[in-house]
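Survey of secondary and tertiary structure
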Amino acid sequence: MSTEAPEIQKKINLRRPDILEAVQAQVLSHYRSELVESIRANACVLSAGDLTVKLAKEFGFCYGVERAIDLAYAAKKYFSEVSPQTPIYLLGEIIHNPEVNDQIRNMGVQIISPKPTASELDRLASGDIVIIPAFGTEVATRRQIEEKGCVLVDTTCGDVMSVWKRVRQYSKEHVTSIIHGKAQHEETKATTSQATAYGTGHYLVVFNLTQTDYVCNYILNGGSKQEFLDKFKGAYSPGFDPDQHLQAVGVANQTTMLRGETEEVQRRFRKAMEQKYGVAAVAEHFRFFDTICGATQDRQDALQKMLLDPPDLLLVIGGYNSSNTSHLAEMGEAKLPTYFIKNAAMMASPGLIRHYNLHRKEEIETRNWLPAGRITVGVTAGASCPNNLIEDTIRRLFEMRGISVQQLLAK
């Protein structure tokens, strides 16, 4: 009698109602929060004693993140039943939240590098399951996995794929993609690989307006090519030549950047092209398409509205490597004391909080962060932060004021 595992279908609709319904209870048990839902229903405000907590109107999991998690859980359940001996792998992190990734690892999903090493590729066999995370993967990585005969569970966000479509179009038109983003972020790496997928495309990643101005000045006035290449090392396509490949550019972006900054990037490139080639010819030298994620923008807008009537301090909850969460922290820092924390455990006491410093890129400690007396604490969370972590943070705040969880739930 054969002991071989049954052949697994290459194309499975894991979003079938019967499959998703089977994992919904598990997903909700891990990430749902009745307390947060109750606060949302109460105009996003909870007060007890001398403490008021205000939630931003939009926070936490977005549709793309929920979809990715649902698919990962569905893949684990379905394939474990169909072929329990077949390994299930995840490329890096499903989303940028350590608690969520730990949950998936604890379910028995094996984590390999976002860009698998040779030894990791050697481990993969035909029929193995490989989950592609919400921010996608590089074209070459996908091809390598497909060549192995693996079954792909692709959770790439639709907004990310919209950016890919745009940069592929730029490539076909011999337009260099200027990508506003973080060159080492998984999403941006996946996007840049799309720009070069046809062998003729080029890209350049600019992180901020300072880099944007440098490139625009080079377009207008030229400069040292070697200095340019040294400055942007690791952020441009193979064979990129600033003298040749900046004659026609199209701006795209990592979907989780600040919309206002991306819009300013495109304005400055448009202006440079108008100055260089004239307004009448700008269409030949400049392209732009708004590819900021709607959920990212909703969370930024909601925080901006909260900051019009600012609380005494702000807590931003999420993974430290989450781009959209870091931008929420940046927005807060510009207005009021802001603490970027990954979970409630970072709040050791009213006298000590451990939080992420965006400038030093490390966790630091701040003393006497929670003032005595009547205060309002603003709370928001990135698109990859589950509601249960938000609940933990709110509970911890009230507990530090001597108010029990039972009292909170009774309100």
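The shown structure was predicted, so the numbers you read here are calculated from the model rather than taken from an experiment. (Residues numbered from 1 in each chain as written. Predicted model: local features only at pLDDT ≥ 70, side-chain atom pairs only at ≥ 80, totals over all residues. Heavy atoms only, no water.)

Things to note about helix α7 (residues 158-172)
This is how the line gets drawn: Starting at the N terminus, helices and strands are each numbered in turn, a helix being any DSSP run of H or I of at least four residues and a strand any DSSP run of E of at least two. Multiply 1.5 Å by the residue count of a helix minus one, and that product is the helix's expected span. Exposure is judged per residue with a 1.4 Å probe applied to protein chains only, and the accessible area is read against the type maximum: over 50% gives exposed, under 20% gives buried, and values in between give partly exposed. Directions pointing from the helix axis toward each C-beta atom define the arc. Pairs of residues are marked as contacts when any of their non-hydrogen atoms sit within 4.5 Å.
Look at α7: 21 Å from first C-alpha to last across 15 residues, which is about the 21 Å you get at 1.5 Å a residue. For α7, the set of buried residues is Val 160, Val 163, Trp 164, Val 167, Tyr 170 and Ser 171. Taken end-on, α7 shows its buried residues confined to a sector of 120°, consistent with a single buried face. Looking at the buried residues of α7, the elements they touch are β7 (176-180), α8 (186-195), β9 (249-253) and β10 (286-288). A positive phi of about 60° marks His 174, the residue just after α7.

Considering the sheet that holds β10
What counts is decided by this rule: Pairing between strands is defined by DSSP: at least two bridges between the two strands are required. For helices, the axis comes from a line fit to the C-alpha atoms of the stretch in contact; other axes are also lines fit to C-alpha atoms, and the angle between any two N-to-C directions lies between 0 and 180 degrees.
An order of β8-β7-β9-β10 is seen for the 4 strands of this open sheet, with the pairing classed as parallel. Both edges of this open sheet fall to β8 (203-206) and β10, since each of them pairs with a single strand only. Across the sheet, the axes of successive neighbouring strands diverge by a mean angle of 25°, strand direction being ignored.

Remarks on the pairing of strand β5 (residues 129-132)
Look at any regular strand and the pattern is simple: side chains alternate between the two faces of the sheet. Defined as follows: Handedness rule for crossovers: strands pointing away from the viewer, path from the first strand over the helix to the second running clockwise, crossover right-handed.
Burial along β5 is two-sided: Ile 129 and Ile 131 and Val 130 and Ile 132, pointing in opposite directions, are all buried. Pairing of strand β3 (residues 88-91) with β5 involves 3 bridges; the strand directions are parallel. If you follow Ile 88 over to β5, its bridge partner there is Ile 129. Note: β5 against strand β6 (residues 151-154), 4 bridges, orientation parallel. By the bridge assignment, Ile 131 is partnered in β6 with Val 153. Taking the sense of rotation as the criterion, the β-α-β connection linking β5, helix α6 (residues 139-147) and β6 turns out right-handed.

Focus: the side chain of Asn 387
Within the secondary structure, Asn 387 is located in helix α16 (residues 387-399). Taking relative accessible area as the criterion, Asn 387 reaches 17% and is therefore assigned buried. Setting aside residues no more than four positions away along its own chain, Asn 387 makes contact with Tyr 31, Arg 32, Ser 33, Val 36 and Phe 59.

Side note on the state of the cysteines
As a reminder of what qualifies: When two cysteine sulfur atoms lie within 2.5 Å, the pair is treated as a disulfide.
By the definition in use, this model includes 0 disulfides. For the unlinked cysteine Cys 62, the closest cysteine sulfur is that of Cys 293, found at 5.5 Å. By relative accessible area, Cys 62 is classed as buried at 11%. Lacking any disulfide linkage, Cys 385 is separated from the closest cysteine sulfur, that of Cys 62, by 12 Å.

Some points on the pattern of salt bridges
Note the following rule: A side-chain nitrogen of Lys or Arg and a carboxyl oxygen of Asp or Glu constitute a salt bridge if their distance falls within 4 Å.
Considering all chains together, one arrives at 19 salt bridges under this definition. The shortest N-O distance in the salt bridge between Glu 264 and Arg 268 comes to 2.8 Å. Note that Glu 264 and Arg 268 are positioned in helix α12 (residues 259-277) at a spacing of 4 residues, about one turn of the helix. Classification of Arg 268 as partly exposed rests on a relative accessible area of 25%. Across the pair Arg 395 and Glu 391 runs a salt bridge, and its minimum N-O distance is 2.4 Å. You can see Arg 395 and its partner Glu 391 sitting in helix α16, 4 residues apart, about one turn around the helix.

Points about the nonpolar core
Stated precisely, the cut-off is as follows: In this text, buried Ala, Val, Leu, Ile, Met, Phe, Trp, Tyr and Cys residues form a nonpolar core when linked through side-chain atoms within 4.5 Å.
If you look at the biggest cluster of nonpolar residues, it comprises 49 residues, and the most contacted ones within it are Leu 315, Trp 369, Ile 390 and Leu 397. Apart from residues no more than four positions distant in its own chain, Ile 390 is found in contact with Val 36, Leu 55, Phe 59, Gly 60, Ile 317, Val 379, Ala 381 and Cys 385. With 34 residues, the next largest nonpolar core counts Ala 74, Phe 79, Ile 88 and Cys 293 among its residues.

Quick notes on the sheet that holds strand β15 (residues 362-367)
Taking strand neighbours across the sheet as the criterion, the 3 strands line up as β13-β14-β15 in an open arrangement whose pairing is antiparallel. The open sheet has two free edges, formed respectively by β13 (347-349) and β15, since each of these has just one partner strand. Adjacent strand axes in the sheet meet at a mean angle of 30°, parallel and antiparallel pairs treated alike. Relative to strand β14 (residues 352-357), β13 runs antiparallel, the two being bridged by 2 bridges. Counted as the bridge partner of Ser 349 is Leu 352 from β14.

As for α16
Under the 1.5 Å per step criterion, the end-to-end length of α16 is 18 Å for 13 residues, consistent within 8% with the ideal 18 Å. Buried within α16 are the following residues: Asn 387, Asn 388, Leu 389, Ile 390, Glu 391, Thr 393, Ile 394, Leu 397 and Phe 398.

Re the environment of Gly 223
Relative to the helices and strands, Gly 223 resides in the loop between α9 (209-221) and α10 (225-231). Taking the C-alpha atoms as reference, Gly 223 lies 46 Å from Lys 148; in sequence the two are 75 residues apart.

Focus: the packing of α9 against α12
Test applied: An angle counts as roughly parallel when it lies under 35 degrees, as roughly antiparallel when it exceeds 145, as roughly perpendicular when it falls between 65 and 115, and as oblique in every other case. Side-chain classes are defined by residue name, with Ala, Val, Leu, Ile, Met, Phe, Trp, Tyr, Cys and Pro counting as nonpolar, Asp, Glu, Lys and Arg as charged, and the others, Gly among them, as polar.
The interhelical angle for the contact between α9 and α12, taken along N-to-C directions, is 10°, at an axis separation of 9 Å. When the axes of α9 and α12 are compared, the pair comes out roughly parallel. Between α9 and α12, the residues in contact are Leu 209, Thr 212, Asp 213, Val 215, Cys 216, Ile 219 and Leu 220 and Glu 261, Glu 264, Val 265, Arg 268, Phe 269, Ala 272, Met 273, Gln 275 and Lys 276, respectively. Residues that form the contact of α9 with α12 fall into these classes: 9 nonpolar, 2 polar and 5 charged.

Section: unusual backbone geometry
We note that Cys 44 has phi near 65°; this positive angle belongs to a residue other than glycine. Locating Cys 44 in the fold gives a position in the loop between α2 (34-41) and β1 (45-48). Here Cys 44 falls in the buried class, since its relative accessible area comes to 4%. Phi at Lys 361 is positive, roughly 55°, even though this residue is not glycine. Secondary-structure assignment places Lys 361 in the loop between β14 and β15.

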